[in-house]
Amino acid sequence: MATWSNFNLQNSASPLMEQIIFFHDHTLIILIMITILVEYLMINLFFNNYINRFLLEGQMIELIWTIIPTITLIFIALPSLRLLYLLDELNNPLITLKSIGHQWYWSYEYSDFNNVEFDSYMIQYNKSTPDNFRLLDVDNRIILPMNNQIRIMVTAADVIHSWTVPSLGVKIDANPGRLNQTNLFINRPGIFFGQCSEICGANHSFMPIMIESVSIKNFINWINNYS
């Protein structure tokens, strides 16, 4: 999760988030190179004393400064398109989790199991303990097995919401009357936090999402105890 004075992306907990971080670094290097080159040229312009009264055109330099940005955009676009297709790819999911956004809380249904559904509310500040994370902890966590493909079905019951978990590389809109789909693959155990990232009401970001990643054995035990 994000902590104080953390200006970087959160630590990855899924292969998709790793690819997003790689693409971010790749694009940032290109932007830094462009910025340095432009600043160098601008500084040179201030100290350039050469004058040519008869210079009317420069077709070669115009060709160069048209082709180079095109090549640069290709180096950014190709990894971006690859990543977009990876984010939409869904391959034989083991579990389907349905998430329904309500005003101020989320509802979850494990579609592959009978009667496994619950509401997830943020723990109120006056009821929290020193072990809780303020504005992020919930009373009912999402329990998911690690190292397995998981399908997430997202919708809303009232207004537009957004189911977002940064460390897993997931951000998907929850629209009333529409069922959106995305996927998860958690590659390590832990607790991962997210919040609704739509602005559809005062203090609306405080609709926390809390995922607990466990082994498949512990997940089966949890399902059996829940039922």
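Small disclaimer: the values here were computed from a predicted structure and weren't measured.

Turning next to the overall build of the protein chain. Counting its secondary structure elements, the protein chain contains three helices and 10 strands. What you see in the protein chain, going N to C, is helices and strands ordered as α-α-β-β-β-β-β-β-β-β-β-β-α. Since a compact globule built from 227 residues should have a radius of gyration of about 17 Å, the 24 Å found for the protein chain marks it as more spread out than a globular shape. The principal-axis extent of the C-alpha atoms belonging to the protein chain is close to 85 × 40 × 35 Å. Counting every position in the protein chain, which comprises 227 residues, the buried fraction comes to 31%. When the accessible surface of the protein chain is split by element, carbon and sulfur atoms take 60% of a total near 15,100 Å². Side-chain charges of the protein chain comprise 11 positive and 18 negative groups, with the mean position of each set lying 3 Å from the other.

Next up on the list: the nonpolar core. Counting residues in hydrophobic clusters, the biggest one holds 31 residues, and the most contacted among them are Tyr110, Ile142, Leu144, Trp163, Leu168, Leu184 and Ile211. Mapped by element, the contributors of at least two residues to this core are strand 1 (95-102), strand 2 (105-110), strand 4 (142-145), strand 5 (149-156), strand 6 (161-165), strand 7 (170-174), strand 10 (208-214) and helix 3 (216-226). If we ignore the near neighbours within four places in the chain, the residues touching tyrosine 110 are Ile95, Thr96, Leu97, Val116, Phe118, Ile142, Ile143, Leu144, Phe219 and Trp222.

Moving on, we get to the pattern of salt bridges. By the definition in use, this model includes one salt bridge. For glutamate 212, the salt bridge identified is with arginine 141, shortest N-O distance 3.0 Å. In this pair, glutamate 212 sits in strand 10 while arginine 141 sits in the loop between strand 3 (117-120) and strand 4, placing the two residues 71 residues apart along the sequence. With a relative accessible area of 30%, arginine 141 lands in the partly exposed category.

Okay, the sheet that holds strand 3 next. On the basis of which strands lie adjacent, the open sheet formed by five strands has the order 3-2-1-5-8 and mixed pairing. A single partner strand is all that each edge strand has here, and the edge strands are strand 3 and strand 8 (180-185). Each strand of the sheet is rotated relative to its neighbour by a mean of 25°, with strand direction disregarded. Relative to strand 3, strand 2 runs antiparallel, the two sharing four bridges. Following the sheet pairing, glutamate 109 is matched in strand 3 by glutamate 117. Packed on one face of the sheet, helix 3 meets strand 1, strand 2 and strand 3 and runs near 100° to strand 3.

Our focus in this paragraph is the UniProt feature "transmembrane region" (unreviewed entry) in the protein chain. Here, the residues flagged by UniProt with the feature "transmembrane region" (unreviewed entry) are residues 20-42 and 63-87. Within residues 20-42, the helical portion is 100% and the strand portion 0%, while the C-alpha atoms at the span's ends are 33 Å from each other. Taken end to end, residues 63-87 has its terminal C-alpha atoms 36 Å apart, with 100% of it in helix and 0% in strand.

Strand order in the open sheet made by the three strands is 4-10-9, with mixed pairing throughout. If you trace the sheet from one side to the other, it starts and ends with strand 4 and strand 9 (190-195), each paired once. Ignoring strand direction, the axes of neighbouring strands in this sheet form an average angle of 30°. Direction of pairing for strand 9 relative to strand 10: antiparallel, over a ladder of six bridges. In the strand pairing of strand 10, glycine 190 is matched with serine 213. Where helix 3 meets the sheet, it contacts strand 4 and strand 10, and its direction lies at approximately 135° from that of strand 4.

Moving on to helix 1 (residues 15-46). Helix length check: helix 1 (32 residues) gives 47 Å between terminal C-alpha atoms against 46 Å at 1.5 Å per residue, within 8%. Of the positions making up helix 1, those classed as buried are Leu16, Met17, Ile21, Thr27 and Ile30.

Another aspect to go through is the domain arrangement of the protein chain. Under the domain assignment, the protein chain is made up of domain 1 (13-86) and domain 2 (93-224). For domain 1 versus domain 2, the distance between C-alpha centres works out to 39 Å. Contact with domain 1, which involves seven residues of that partner, is made by 10 residues of domain 2. When the two sides are added together, the surface that domain 1 and domain 2 hide from each other amounts to roughly 650 Å², 51% of it contributed by carbon and sulfur. Counting across the domain 1 and domain 2 interface gives zero salt bridges. Between the two partners, domain 1 and domain 2, sit three residue pairs in polar contact (both at pLDDT 80 or more). Its residues assigned to classes, the side of domain 1 that touches domain 2 comprises five nonpolar, one polar and one charged.

Rules used throughout
- Position labels on residues start from 1 in each chain and follow its written sequence.
- Reporting of local features is limited, given that this is a predicted model, to residues whose pLDDT is at least 70; pairs of side-chain atoms are given and counted only at 80 or more, and all residues count toward the totals for whole chains, interfaces and linings.
- Only hydrogens and water are removed before side-chain values are computed, so all heavy atoms of the structure are retained for them.
- Each helix is a run of DSSP H or I of at least 4 residues and each strand a run of E of at least 2, with the numbering of both proceeding from the N terminus.
- Only C-alpha atoms enter the radius of gyration, while the globule expectation follows 2.2 Å times N to the 0.38, with N the number of residues.
- To sort residues, take the accessible area from a 1.4 Å probe on protein chains only and compare it with the maximum for the residue type: under 20% means buried, over 50% means exposed, and anything in between is partly exposed.
- Accessibility throughout is a Shrake-Rupley quantity obtained with a 1.4 Å probe, and a residue counts as covered only by protein chains that appear here.
- Charged-residue counts in this description rest on Lys and Arg as positive and Asp and Glu as negative, His and the chain ends being excluded.
- Lys charges are placed at NZ, Arg charges at CZ, Asp charges at CG and Glu charges at CD.
- To qualify as a nonpolar core, a set must consist of buried Ala, Val, Leu, Ile, Met, Phe, Trp, Tyr and Cys residues joined through side-chain atoms within 4.5 Å.
- In what follows, residue pairs with any heavy atoms lying within 4.5 Å of each other are defined as contacts.
- Think of a salt bridge as a Lys or Arg side-chain nitrogen and an Asp or Glu carboxyl oxygen that are within 4 Å of each other.
- Paired strands, in this sense, are two strands between which DSSP finds at least two bridges.
- Axis geometry follows a simple rule: fit a line to the C-alpha atoms, using only the stretch in contact for helices, then measure angles between N-to-C directions, giving values from 0 to 180 degrees.
- UniProt positions are given in the numbering used here, feature names are shortened, and annotations may be inferred rather than shown by experiment.
- Here a helix's expected span is defined as the number of its residues, less one, multiplied by 1.5 Å.
- Where each domain begins and ends follows an automated or database-derived domain assignment.
- Buried area is understood as the total, over both parts, of accessible area removed when two parts are fitted together, assessed with a 1.4 Å probe.
- Polar contact is the term for a pair of N or O atoms within 3.5 Å; when the atoms are in protein, one must be able to donate a hydrogen and the other to accept it, and sequence-neighboring residues count only if both atoms are side-chain atoms.
- In the scheme used here, Gly and all other residues not listed as nonpolar or charged are polar, with Ala, Val, Leu, Ile, Met, Phe, Trp, Tyr, Cys and Pro taken as nonpolar and Asp, Glu, Lys and Arg as charged.

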